[in-house]
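# Structural characterization, general
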Amino acid sequence: MTASAPTILATSAGYVPHPRLRFDFGPMMRLATELAAEDGWHDPSGPPRICNVSTASGDDARFQRDMEEAARDAGYELHHLSLFSTPNVADIPAYLRSFDVIWVNGGSVVNLLAVWRAHGLDRVMRQLWEEGVVLAGVSAGSICWHTGGVTDSFGPDLAPVTDGLGLLPWANGVHCDTEGARMPLLRRLVAEGTLGETLCTDDSTGLLYRSQQLAEAVSEKEGARVRRLHRDDSTGALVEEDLPVRLLDGALPAGSS
């Protein structure tokens, strides 16, 4: 079950308001399933199959149930890979290969990386990515694929994390419009060289990578921004630029929450 090229969809998005449930799956999740179906293997008579990996939140059972409810309402089939307190499946690589999309949820990216490495899941994810399995996620589930970023994993004060999986050769900032301390710290870390070139997503936006190339930035909401930070090698100055963002079908108007 593969896409046409190694694919990662790294986001600050995926969930939109729902009148009854905690959240609904939005256009970003739909994009992830469409990417997985590009080679035509998916049986359209059956629902897209998503594996939710919620290591970053300690496999919180309540959130897992909320994910199941959102998937039911959206017409997806969703199951979980849990690592707490022990893995819920015997053969993790085979289990993950049975899904259309591996979706990694938010929480502590530091804890996620430590637990994945303890279980060898860092190597498994790289292998699946190289095979063309679609990897996607939000927040910690976005930063993890990159070289690093900033995190509140250690407490309320943001701090750098520099030991991401490195499937992608950039650092990553998330929630850059709604958490005011993130962009100033990202700018400082890039300017001083702690982080290399960094791609920053506002809430509702995502980064689509093919192999190790940024294919496009996409958004579930009008007006949301994606920015690139890097240091000019000749002057040492910080350079910040907005990247073009494609609005996904079904996107919310600007100002929606």
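Everything discussed here concerns the structure shown above.
Residues numbered from 1 in each chain as written. Predicted model: local features only at pLDDT ≥ 70, side-chain atom pairs only at ≥ 80, totals over all residues. Heavy atoms only, no water.

## With respect to the overall build of the protein chain
Assigned secondary structure in the protein chain consists of seven helices and 16 strands. The C-alpha radius of gyration computed for the protein chain amounts to 17 Å, which stays within 12% of the reference 18 Å derived for 257 residues, consistent with globular compactness. Along the three orthogonal principal directions, the C-alpha set of the protein chain runs to about 55 × 40 × 35 Å. Counting every position in the protein chain, which comprises 257 residues, the buried fraction comes to 53%. A sequence separation of at least 24 residues applies to 71% of the contacts in the protein chain between residues at least 6 apart. Carbon and sulfur atoms make up 49% of the accessible area of the protein chain, which amounts to about 10,700 Å² in all. Side chains of the protein chain give 21 positive and 35 negative charges; the mean places of these two sets differ by 2 Å. (Helix = DSSP H or I, 4+ residues; strand = E, 2+ residues; numbered from the N terminus. Rg over C-alpha atoms; globule rule 2.2 N^0.38 Å. Buried < 20%, exposed > 50% of the residue type's maximum accessible area, 1.4 Å probe, protein only. Contact = heavy atoms within 4.5 Å. Areas by Shrake-Rupley, 256 points an atom, 1.4 Å probe, with all protein chains shown as cover. Lys, Arg positive; Asp, Glu negative; His and termini not counted. Charge placed at Lys NZ, Arg CZ, Asp CG, Glu CD.)

## Let's talk about helix 4 (residues 109–119)
Every buried residue of helix 4 is accounted for by Val109, Leu112, Leu113, Val115 and Trp116. Buried residues in helix 4 make contact with strand 4 (49–53), strand 6 (101–104), helix 5 (121–131), helix 6 (140–143), strand 8 (149–151) and strand 9 (159–161). The first or second residue beyond helix 4 is Gly120, which carries a positive phi of 75°.

## Section: the nonpolar core
What tends to happen in soluble globular proteins is that the nonpolar side chains get buried as a cluster. Grouped together as the largest cluster of nonpolar side chains are 42 residues, with contacts concentrated most on Ile8, Leu81, Leu96, Ile102, Trp116, Leu121 and Trp145. Broken down by secondary-structure element, the contributors of at least two residues to this core are strand 1 (7–11), strand 4, helix 3 (92–97), strand 6, helix 4, helix 5, helix 6 and strand 12 (205–210). Leaving out residues up to four positions away in the same chain, Leu96 has contacts with Cys51, Leu81, Ile102, Leu121, Val124, Met125 and Leu128. With 25 residues, the next largest nonpolar core counts Ala13, Met67, Ala136 and Val218 among its residues. (Core = buried A, V, L, I, M, F, W, Y, C linked by side-chain atoms within 4.5 Å.)

## Re the environment of Val115
By the secondary structure assignment, Val115 is in helix 4. Distance in space between the C-alpha atoms of Val115 and Ala56 is 8.9 Å, their sequence separation being 59 residues. With near-sequence residues (within four places) excluded, Val115 lies in contact with Thr55, Leu83 and Phe84.

## Some words on the sheet that holds strand 12
Pairing is mixed across the open sheet formed by eight strands, whose spatial order is 5-4-6-7-1-12-13-16. Of all the strands in the sheet, the pair left with one neighbour each is strand 5 (77–81) and strand 16 (245–252). The sheet shows a mean angle of 25° between the axes of neighbouring strands, direction not considered. Relative to strand 6, strand 4 runs parallel, the two sharing four bridges. By the bridge assignment for strand 6, Asn52 is matched with Trp103. Seen against the sheet, helix 1 (residues 27–36) touches strand 1, strand 4, strand 6, strand 7 (134–138), strand 12, strand 13 (213–221) and strand 16 and runs at an angle of roughly 110° to strand 16. (Pairing = 2+ DSSP bridges. Axes fitted to C-alpha atoms, helices over the stretch in contact; angles between N-to-C directions.)

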